Amino acid sequence: MFKIILKITEMAQNYVKQVLRDRDVAVDATLGNGNDTIFLSGLVPEGRVYSFEIQRECVKKFKKEIEIKGIRNIEVINDGHENMDLYIKESPKAIMFNLGYLPGGYKNVITRPETTIAALKKGLKMLSPGGIITIAVYRGHEGGEEEGNAVLDFINGLDPKIYNAMVIKYVNRKGMAPFLIVIEKNCSVGGDKYNNPDLL
Ligand SMILES: C[S@@+](CC[C@H](N)C(=O)[O-])C[C@H]1O[C@@H](n2cnc3c(N)ncnc32)[C@H](O)[C@@H]1O
């Protein structure tokens, strides 16, 4: 059945699909089982996907999976997304974050506000003009609400001359429903302004 209001992960992918072209660079900041990474890989057949994950088992499993499938445009990095600037020299057109813990995995390995914000700052600086960052925020677990609030505070402070940011949330769900943040870097941003971290 055709639906407009989807899961936030599906809505995130729908936004990303609209900006990515064959040769673009994309980032999955939270590999997990690799759903977003595989999705991104298909959208940039002649480009590159950088994918970050701190859990070594996830990285190992996923590397084996892409080797078997013969997928060659993905670079899987066993390091935190807060270090993305050490690995990526290009300007990504899309960066996807999926916060919280890995469903079916260790519930005590979660994304944390300090590292998430550090990664967002770096991601925004590196993002290509016209590019987007999507952040799927889950709040039901311990620490999830705190992280969600920290991310919202950070997003609220972004300069509207450089970024457009919006939150998509379910308003008629009980409890700590997940929500989606989409940030777009304006196409007109370039030159010194684009590289000036003080403008973040
Ligand atoms: C909600 S899951 C991601 C799910 C994933 N998008 C998928 O398709 O399966 C969050 C993941 O972020 C990872 N993670 C936590 N802190 C991280 C960090 N600083 N850098 C990179 N990954 C991190 C966790 O280990 C976990 O696998």
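Everything below is about the structure shown above.
What you see is a predicted model; the values in this text were computed from it and never measured. (Residues numbered from 1 in each chain as written. Predicted model: local features only at pLDDT ≥ 70, side-chain atom pairs only at ≥ 80, totals over all residues. Heavy atoms only, no water.)

Novice: Is there a simple way to explain the sheet that holds strand S6 (residues 163-169) in this structure?
Specialist: Pairing between the strands of a sheet comes from backbone hydrogen bonds, and it takes one of two forms, parallel or antiparallel. Read across the open sheet, the 7 strands follow the order S3-S2-S1-S4-S5-S7-S6; overall the sheet is mixed. Each edge of the open sheet is held by one strand with a lone partner, namely strand S3 (74-77) and S6. Going across the sheet, the axis of each strand differs from the next one's by a mean of 15°, ignoring polarity. Judged from the 4 bridges that link them, strand S2 (residues 48-52) and S3 form a sheet pairing that is parallel. The residue of S3 that forms the bridge with phenylalanine 52 is isoleucine 77. Packed on one face of the sheet, helix H1 (residues 8-19) meets strand S4 (94-98), strand S5 (132-137), S6 and strand S7 (179-185) and runs near 175° to S5. Strand contacts of helix H4 (residues 113-126): S4, S5, S6 and S7, with the helix running at about 160° to S5, the strand carrying the most contacts. (Pairing = 2+ DSSP bridges. Helix = DSSP H or I, 4+ residues; strand = E, 2+ residues; numbered from the N terminus. Axes fitted to C-alpha atoms, helices over the stretch in contact; angles between N-to-C directions. Contact = heavy atoms within 4.5 Å.)

Novice: I keep staring at the nonpolar core and nothing clicks. Help me out?
Specialist: A general feature of soluble globular proteins is that nonpolar side chains tend to end up buried together. Phe97, Ile133, Ile135 and Ile183 are the most contacted members of the largest nonpolar core, which totals 30 residues. At the level of elements, strand S1 (25-28), S2, S4, H4, S5, helix H5 (144-156) and S7 are the ones that each hand at least two residues to this core. Other than its neighbours up to four places away in sequence, phenylalanine 97 contacts Ala29, Thr30, His81, Met84, Ala119, Leu120, Ile133, Thr134, Ile135 and Ala136. Residues Ala12, Leu31, Val49 and Tyr170 belong to the second largest nonpolar core, which totals 27 residues. (Core = buried A, V, L, I, M, F, W, Y, C linked by side-chain atoms within 4.5 Å. Buried < 20%, exposed > 50% of the residue type's maximum accessible area, 1.4 Å probe, protein only.)

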